[in-house]
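# Fold and geometry: a report
Read off the chains here:
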Amino acid sequence: FGHTCAYFDRATTPQHVHRKHGPVRTVGWRDRAALRAKVEAFRPDAIIGAMHAAPFATQLASHLDARSITYLNSYEFCPPGAQEREAWRFVFDREDLSATQREIAVRHAGIVIANSAHTAARVHEQFDTPVRVIHPPIESDRVLPASDHTGGTVVGVCGYPHKGSDIFLTLAEQLPDQP
């Protein structure tokens, strides 16, 4: 990476705490006070915050005079309205961030990155903030069968119409002769 990297993860299991994964050290944390102490001890040049941790990560970066990067990979910062939820048949089972939290994470970050043009456009529309798109890599050799593979099964797990499940099922109905 060219930088010393640490990944601070609240969900880290005990066997992963303070463990190296290649060049990245994994560090677990229990609460914001513990996270703040660990990040302050690390003295980073940059902090990347994602999901519900992004507002706190942005504030912590400001406190440490570090560069702040907010990574958007879902609807935390541009939640769907009632009409979109109904049209998408969307079950949004997470608590939304407050308007203030979204404002902090997006407007006060040095860089805002999204994993899709759709998310970037929604956030840009809502906050009038530039958003860069970096698509997550797909390691096709890990998910696609080898070229000499015949038969077999491909399974898609999604279930959300707004993510394309309805398109997939419509296409499947139009290919009745396919196994």
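Structure shown above.
Definitions and limits used
Residues numbered from 1 in each chain as written. Predicted model: local features only at pLDDT ≥ 70, side-chain atom pairs only at ≥ 80, totals over all residues. Heavy atoms only, no water. Axes fitted to C-alpha atoms, helices over the stretch in contact; angles between N-to-C directions. Helix = DSSP H or I, 4+ residues; strand = E, 2+ residues; numbered from the N terminus. Parallel < 35°, antiparallel > 145°, perpendicular 65-115°, else oblique. Contact = heavy atoms within 4.5 Å. Nonpolar A, V, L, I, M, F, W, Y, C, P; charged D, E, K, R; others polar. Core = buried A, V, L, I, M, F, W, Y, C linked by side-chain atoms within 4.5 Å. Buried < 20%, exposed > 50% of the residue type's maximum accessible area, 1.4 Å probe, protein only. Pairing = 2+ DSSP bridges.

Looking now at the packing of helix 4 (residues 99-107) against helix 5 (residues 117-127). One can describe the packing of helix 4 onto helix 5 by two numbers: an axis separation of 12 Å at closest approach and a directional angle of 105°. In terms of orientation, helix 4 lies roughly perpendicular with respect to helix 5. From helix 4, Arg102, Glu103, Val106 and Arg107 reach across to helix 5, where they touch Val123, Gln126 and Phe127. In the contact of helix 4 with helix 5, the residues fall into three nonpolar, one polar and three charged.

As a rule of thumb, soluble globular proteins bury nonpolar side chains together. Core analysis: the largest hydrophobic core is formed by 15 residues, its most contacted members being Leu72, Phe77, Val106, Val112, Ala114, Val123 and Val131. Those elements that provide at least two residues to this core are helix 4, strand 6 (111-114) and helix 5. In terms of residue count, the dominant contributor to this core is helix 5 (three residues). Apart from the residues lying within four places of it in its own chain, the contact partners of Val112 are Thr70, Leu72, Val106, Thr129, Pro130, Val131 and Arg132. Judged by nonpolar contacts, the second largest core, of ten residues, contains Ile47, Phe56, Ala57 and Ala66.

Picture the strands of a sheet paired through backbone hydrogen bonds; they go either parallel or antiparallel. Taking strand neighbours across the sheet as the criterion, the four strands line up as 4-5-6-7 in an open arrangement whose pairing is parallel. Bordering the open sheet on either side are strand 4 (46-50) and strand 7 (132-133), each of which pairs with just one other strand. Here strand 6 runs beside strand 7; their pairing, made up of two bridges, is parallel. When the sheet's bridge partners are listed, Ile113 is paired in strand 7 with Arg132.

This part covers the environment of Thr58. Topologically, Thr58 is positioned in helix 2 (residues 54-63). Thr58 sits 47 residues away from Ala105 along the chain, and the two C-alpha atoms are 5.8 Å apart. What Thr58 contacts, discounting residues up to four positions off in sequence, is Ser68, Thr70, Ile104, Ala105, His108 and Ala109.

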